[in-house]
Amino acid sequence: MTAVAASWLPLSTGERSVAIEVLVHGPLSRTELARRLDLSAGSLTRLTKPLIESGLLIEVPEAGTPAEVRQGRPSQPLDVVAESRSFIGFKITEDMVYGVVTTLRSEIVARLDRPLADRDPARVADLLAEMTAELARTHPRLAGIGIGVGGLVQERAVVGESPFLHWRDVPLGELVEERTGLPVVVENDVSALVEAETWFGAGRGLDRFVVLTIGAGIGYGLVLGGRRVPYAEEDRGFGRHWIIDPDGPLTPDGARGSAVSLLAIPSIRYQVMAATGRDHTYEEILALAAAGESMPARVIEEAGRALGVLVAQIANFAMPQKILLAGEGVGLMDVAGRTVEDTIRAHRHPLAAPIDLETKVSDFHDWARGAAVLAIQVLVLGAVEV
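Residues numbered from 1 in each chain as written. Predicted model: local features only at pLDDT ≥ 70, side-chain atom pairs only at ≥ 80, totals over all residues. Heavy atoms only, no water.

Visitor: Let's hear about the packing of aromatic side chains: which residues, and what values?
Guide: For the coordinates displayed, the defined rule picks out 3 aromatic pairs. On the numbers, 6.3 Å between centres and 75° between planes, the contact of Y220 with W242 is edge-to-face. Here the residue Y220 occupies a position in strand β12 (residues 218–224), and W242 occupies one in the loop between β13 (227–228) and α7 (259–263), the gap between them amounting to 22 residues. (Phe/Tyr/Trp six-rings, centres within 6.5 Å; stacked < 30°, edge-to-face > 60°. Helix = DSSP H or I, 4+ residues; strand = E, 2+ residues; numbered from the N terminus.)

Visitor: Explain the environment of P163 residue by residue, including any values.
Guide: You can see P163 is positioned in the loop between β8 (158–162) and β9 (167–170). Owing to a relative accessible area of 41%, P163 belongs among the partly exposed residues under this scheme. For P163 and G151, which are 12 residues apart along the polypeptide, the C-alpha to C-alpha distance reads 6.6 Å. Other than its neighbours up to four places away in sequence, P163 contacts G150, G151 and R240. (Buried < 20%, exposed > 50% of the residue type's maximum accessible area, 1.4 Å probe, protein only. Contact = heavy atoms within 4.5 Å.)

Visitor: Lay out the nonpolar core in plain terms, naming residues and giving numbers.
Guide: Judged by nonpolar contacts, the single largest core of 38 residues is most densely connected at L263, L307 and L332. The dominant element in this core, judged by the number of residues it contributes, is helix α10 (residues 294–318), at 11 residues. When near neighbours in sequence (up to four residues on either side) are disregarded, L307 contacts L212, I214, L263, L325, L332, M333 and V340. L116, L128, I145 and L165 belong to the second-largest nonpolar core, a separate cluster that totals 29 residues. (Core = buried A, V, L, I, M, F, W, Y, C linked by side-chain atoms within 4.5 Å.)

Visitor: Quick rundown of the packing of helix α8 (residues 265–276) against α10? Include the residues and the values.
Guide: Between α8 and α10, the shortest axis-to-axis distance is 10 Å and the interhelical angle comes to 150°. By the angle class used here, α8 and α10 are roughly antiparallel. The crossing of α8 and α10 is right-handed. Every residue of α10 that contacts α8 at I268, Q271, V272, A275 and T276 is listed here: M295, P296, V299, I300, E302 and A303. When its residues are assigned to classes, the contact of α8 with α10 shows 8 nonpolar, 2 polar and 1 charged. (Axes fitted to C-alpha atoms, helices over the stretch in contact; angles between N-to-C directions. Parallel < 35°, antiparallel > 145°, perpendicular 65-115°, else oblique. Left-handed = near helix turned anticlockwise from the far one by under 90°. Nonpolar A, V, L, I, M, F, W, Y, C, P; charged D, E, K, R; others polar.)

Visitor: How would you summarise the sheet that holds β12 if you had to cite specific residues and measurements?
Guide: Taking strand neighbours across the sheet as the criterion, the 5 strands line up as β13-β12-β11-β14-β15 in an open arrangement whose pairing is mixed. With one partner strand each, in any of the chains shown, β13 and β15 (357–359) form the two edges of the open sheet. (Pairing = 2+ DSSP bridges.)

Visitor: Kindly report on the environment of L379, identifying the contributing residues and their values.
Guide: Looking at where L379 falls in the secondary structure, it is placed in helix α12 (residues 364–380). For L379, a relative accessible area of 21% puts it in the partly exposed group. Through-space distance from the C-alpha of L379 to that of A143 is 7.9 Å; in sequence the pair is 236 residues apart.

Visitor: I'd like to hear about unusual backbone geometry, residue by residue, with values.
Guide: The linkage connecting G26 with the following residue, P27, adopts the cis geometry, with an omega of 0°. Relative to the helices and strands, P27 resides in the loop between α1 (13–25) and α2 (30–37). Even without being glycine, H166 reaches a positive phi, approximately 60°. Here H166 falls in the exposed class, since its relative accessible area comes to 62%. Backbone geometry at D169 places phi at a positive 55°, although glycine is not the residue there.

See below:
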């Protein structure tokens, strides 16, 4: 398989700024683009000319303006050619690989999932290569691959540690690149999701934004000044030691009363099984709690209070304009949403502004899309520090 060269590379710093602004916020008129980037008309013309000639940007008709009254090129907004390249995003879980193909603007145009029967790194790389080959048959203009993995990722290439896959120091990027011939970016899955939501989702255009995920674990991402804040502990399961209730439950994966022990799906299942002797899926536990079954209802109620405390603490200290709640565990809000809301109010100042809490019902394809966005940022636009 041969990588498709992006004809607009390499981009200068100024060209990159223009491309990113149009990609995320476009279509934009030249006047608006110059204002946003504090550029003169001449400087903007110099920067946009090669981007238009290379096919990355295109002049589009101004919405609602009849052709006969347009005032020439300055009035024609600039937009990216979203279909000019395609990107693959993979999300690897402990038993599945979820794959998507996206456009340059991260719209998902294809999905492909496969069970993960063997966690040996070479076999996983083989599987990703097979999926890439299958997707390439219908989407031949592939520019790169992004891979999201739960755990510590180093240099966007090496999985330093993944508790879900039981990996240490796996050069996943190199393994997949050898098999596909495409450039590869590997990143922690939560970090990738935060980037996608910041550029193209709930956090688009916001200065202060938080993503909180609940599922197999607890994930947290903070955006300040419109940029994700990297920190050393982000890939190491911070929720295991974020204590919500010192007298709360102790589970195999988290400290007593931690966010993980109270909120993570495996912990909720563990609590119910320990109390009843019966193993239930997360969806079954939610249904039993909604029906008033005592032990599931108690566990879910405690989880709702824990989530409310966590959201309130984040809002009190980070002061975000919005908090996005995502992940495969957000069904908790359907059953314990009132408890979450009441707990948030109890842990906020009475005169504090209401929290803009957005719940995103999503699946693992959204996480895969996040990985594709990392590929767009790093491989195409050269936005290494994002």
